Amino acid sequence: MTPFVLQCGTPLLPITLTDVPLTSASKIPTNDECDTLFSALGAVLDPRVIVLGDDASLAAVLTRLMRTERLHIELAFVPETTTAACSNYRLGSGSRAAKVAMTGTATPTPLIRDDAGKAIVGRALVEGHAGGDLEGEAYVDDTKLFSGTVSGVEVMPTPEMPGLKGRVIGRRRLFERRWTFGRAMQLGANAAQLTRDGVPGDREVERSTFYRHDQEWLLVR
């Protein structure tokens, strides 16, 4: 295994990673920044990219690996603090995560993406116009999540098959419903605003699908 660190933004570098080749990138790495790192990986055997950043950082790198057909490259995640992706995949943070990044084993893991070709590692939130109520209907596989008007829907990946879970959310946790597990979540709405791993979409949509990609990714755990 040959590790490379991609430092996204300005997070602290754990001592465990100080001797690993480091590439600096934006907090949400651009395609060019990812490609610059990937070009260096081609010259080594068993490359492992250690993403030092947040969920949006990891999702951007995973998205680029998927789009450039490089899902054979191992990915490790080292956030400074616990994130949604940490909870989803049962990962640590800080120095603990750095140690796992260097010593852990890459495990094939379901890759959840949407119909815009963007990977989700933590949490996707679907709300209505300007963050208001969401009017429409949604299904996880053949199970109806809602039909009518709700506060919103959240979707998260899971480390095991079938790959994702979705549920309706309320303004207060008292009204949140149980998770429904499946391969895909399909939504039709009058107007929906998507937030993927904390990053708002640039436009509202009437339809959206989150689903399991036909290839897995290699997550170090």
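Described below are features of the structure shown in this document. Please read all numbers here as calculations on a predicted model, not as lab measurements.

Right, let's talk about the environment of Ile28 for a bit. Among the secondary structure elements, Ile28 is positioned in the loop between strand 2 (22–25) and helix 1 (31–41). You can call Ile28 partly exposed: its relative accessible area is 40%. As for Ile28 and Ala60, which are separated by 32 residues in sequence, their C-alpha atoms are 6.4 Å apart.

Another aspect to go through is the side chain of Ser208. For Ser208, the position within the fold is in strand 16 (residues 205–212). Residue Ser208 is classed as buried on the basis of its relative accessible area of 2%. Beyond its immediate chain neighbours, meaning those up to four positions away, Ser208 contacts Asp115, Met185, Gln186, Leu187 and Leu194.

Looking now at the pattern of salt bridges. Any two side chains of opposite charge can pair, so long as their charged atoms come close to each other. Following the criterion strictly, the structure yields 7 salt bridges and no others. In this structure, the salt-bridge partner of Arg64 is Asp35, at a minimum N-O distance of 2.8 Å. Separated by 29 residues along the polypeptide, Arg64 in helix 2 (residues 55–67) and Asp35 in helix 1 bring together distant segments of the chain. It is possible to trace a salt-bridge network through shared partners that takes in Arg123, Glu154 and Arg167.

Applying the stated criterion across every chain yields a total of 1 aromatic pair. Ring centres of Tyr89 and Trp217 lie 5.7 Å apart, and the angle between their planes is 80°; this geometry places the pair in the edge-to-face category. With Tyr89 in helix 3 (residues 84–89) and Trp217 in strand 17 (residues 217–220), this pair connects stretches of sequence that are 128 residues apart. Looking at Tyr89, the relative accessible area reads 1%, which means it is buried. We note Lys165 situated over the ring of Trp179; from NZ or CZ to the ring centre the distance is 4.6 Å.

The rules we used
- Residues numbered from 1 in each chain as written.
- Predicted model: local features only at pLDDT ≥ 70, side-chain atom pairs only at ≥ 80, totals over all residues.
- Heavy atoms only, no water.
- Helix = DSSP H or I, 4+ residues; strand = E, 2+ residues; numbered from the N terminus.
- Buried < 20%, exposed > 50% of the residue type's maximum accessible area, 1.4 Å probe, protein only.
- Contact = heavy atoms within 4.5 Å.
- Salt bridge = Lys/Arg side-chain N within 4 Å of Asp/Glu carboxyl O.
- Phe/Tyr/Trp six-rings, centres within 6.5 Å; stacked < 30°, edge-to-face > 60°.
- Lys NZ or Arg CZ within 6 Å of the ring centre and 35° of its normal.

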